[in-house]
Amino acid sequence: MVRLHHLNQSRSLRILWLLEELGEPYEIISHQRDAKTHLAPDSLKAVHALGKSPVIELDGQIYSESGAITELLIERFASDRLRPAPDSADYGYYLQWIDFAESSLMLPLMLELFTKKAGIDDNEFLNGYIDKEKTRLFKYLDAAVEGKSFIVGNQLSGADFMLSFDLIILAQRQKLEAYPHIKQYADKLAGLESYQRAMRLEAEHDESK
Ligand SMILES: N[C@@H](CCC(=O)N[C@@H](CS)C(=O)NCC(=O)O)C(=O)O
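Fair warning: this is a prediction, and the values are worked out from it, not measured in the lab.

Within the largest apolar cluster, 44 residues are counted, with the highest numbers of intra-cluster contacts made by Ile15, Leu16, Trp17, Trp97, Ala101, Ala159 and Leu163. The element that contributes the greatest number of residues to this core is helix 7 (residues 158-173), accounting for 7 residues. Three or more residues apiece are contributed to this core by two domains, here domain 1 (2-81 + 194-205) and domain 2 (89-192). When sequence neighbours within four positions are dropped, the list of residues in contact with Trp17 reads Phe161, Ser164, Ser194, Tyr195 and Ala198.

Structural data, given as structure tokens:
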């Protein structure tokens, strides 16, 4: 059975949603962010040296990194329905969007968060960089999801689970009117039953609210 070490309000949401969609038995082990620092508690460091979430336990092994966990769980439990066939052109795009969610798109979103927290959000260089990157990346994503329900092909895939967390951050920070295709894509994902179950579980396991 899969055990998910889940931190409230974190990238672990990607895996919580994926596990709900997979329908395989799993267990949630809750960890709570520190109320002041918003960092993970020591209980997570006891599970994995990085002390970050998500972490899963599978067959006695411990795995971190949401992208790798997404691919691993899909290969194990849903390779017939949550990813394109490896010999198809879409497979390359599937891998590309999984990485995009945690690398290209996450960088300006994290920089924005940290500059605000550090009280340096008036720094001209950083602000200029963040704004330019966000605009470029959001336009790129908006064009990629135009007229589509899912990011790759016509099927729900690991790439959508990965992007879902970025979309949550994005909606918290940004009015999405300027990016109507991102909005319709985000709404489509949020309407899925497994997504809604995951959000209910997140709320139940979030002791800060
Ligand atoms: N690249 C990793 C990032 C993991 C990560 O930074 N998780 C954050 C939550 S979104 C975390 O645990 N932060 C708490 C901390 O660093 O103390 C992934 O995709 O899983």
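Once the structure has been displayed, the description carries forward.
Here we take up the pairing of strand 3 (residues 55-58). Looking at chain direction, strand 1 (residues 2-7) and strand 3 are connected through 3 bridges and run antiparallel. Bridging across to strand 3, His5 finds its partner in Val55. As defined by bridge partners, strand 3 adjoins strand 4 (residues 61-64) across 4 bridges and the pair is classed as antiparallel. When the sheet's bridge partners are listed, Glu57 is paired in strand 4 with Ile62. Taking the residues that link successive antiparallel strands as the turn, the strand 3-strand 4 hairpin has 2 residues, and the phi of Asp59 there is positive, at about 50 degrees.

Okay, the site of the ligand next. Contacts to the ligand come from 13 residues, most closely from Ser10, Leu39, Ala40, Lys52 and Ser66. Within the shell around the ligand, the residues separate by chemical class into 4 nonpolar, 5 polar and 4 charged.

Here we take up the environment of Met162. Along the chain, the position of Met162 falls in helix 7. You can call Met162 buried: it has 27 C-beta atoms within 10 Å. Separated by 63 residues in the primary sequence, Met162 and Asp99 have C-alpha atoms spaced 8.5 Å apart. Setting aside its immediate chain neighbours within four residues, Met162 contacts Arg14, Ser66, Gly67, Thr70, Ile98, Ala101 and Glu102.

Now for the pairing of strand 2 (residues 26-31). Both strand 1 and strand 2 contribute to a ladder of 6 bridges, which runs parallel. Counted as the bridge partner of Val2 is Tyr26 from strand 2. A crossover connection joins strand 1 to the parallel strand 2 through helix 1 (residues 12-22); in handedness this β-α-β unit is right-handed.

Let us look at the domain arrangement of the protein. You'll often see interface size given as the accessible area lost when the parts meet. Splitting the protein by domain gives domain 1 (2-81 + 194-205) and domain 2 (89-192). Summarising the inter-unit geometry, the C-alpha centres of domain 1 and domain 2 are found 20 Å apart. For the side of domain 1 that touches domain 2, the elements supplying multiple residues, two or more each, are helix 1, helix 3 (66-77) and helix 9 (193-205). The element contributing the most residues to the side of domain 1 that touches domain 2 is helix 3, with 5 residues. Taken together, the residues that form the side of domain 1 that touches domain 2 break down as 5 nonpolar, 4 polar and 3 charged.

Right, let's get into the sheet that holds strand 3. Spatially, the 4 strands line up as an open sheet ordered 2-1-3-4, and their pairing is mixed. Both edges of this open sheet fall to strand 2 and strand 4, since each of them pairs with a single strand only. Looking at each pair of strands side by side, their axes are set apart by 20 degrees on average, direction ignored. With respect to the sheet, helix 1 is in contact with strand 1, strand 2 and strand 3, its orientation differing from that of strand 1 by roughly 145 degrees.

Rules used throughout
Residues numbered from 1 in each chain as written. Predicted model: local features only at pLDDT ≥ 70, side-chain atom pairs only at ≥ 80, totals over all residues. Core = buried A, V, L, I, M, F, W, Y, C linked by C-beta atoms within 7 Å. Buried ≥ 20, exposed ≤ 12 C-beta atoms within 10 Å, placed from the backbone. Helix = DSSP H or I, 4+ residues; strand = E, 2+ residues; numbered from the N terminus. Domains from an automatic or database assignment. Contact = placed C-beta atoms within 7 Å. Pairing = 2+ DSSP bridges. Near = placed C-beta within 6 Å. Nonpolar A, V, L, I, M, F, W, Y, C, P; charged D, E, K, R; others polar. Right-handed = clockwise from strand over helix to strand, strands pointing away. Axes fitted to C-alpha atoms, helices over the stretch in contact; angles between N-to-C directions.

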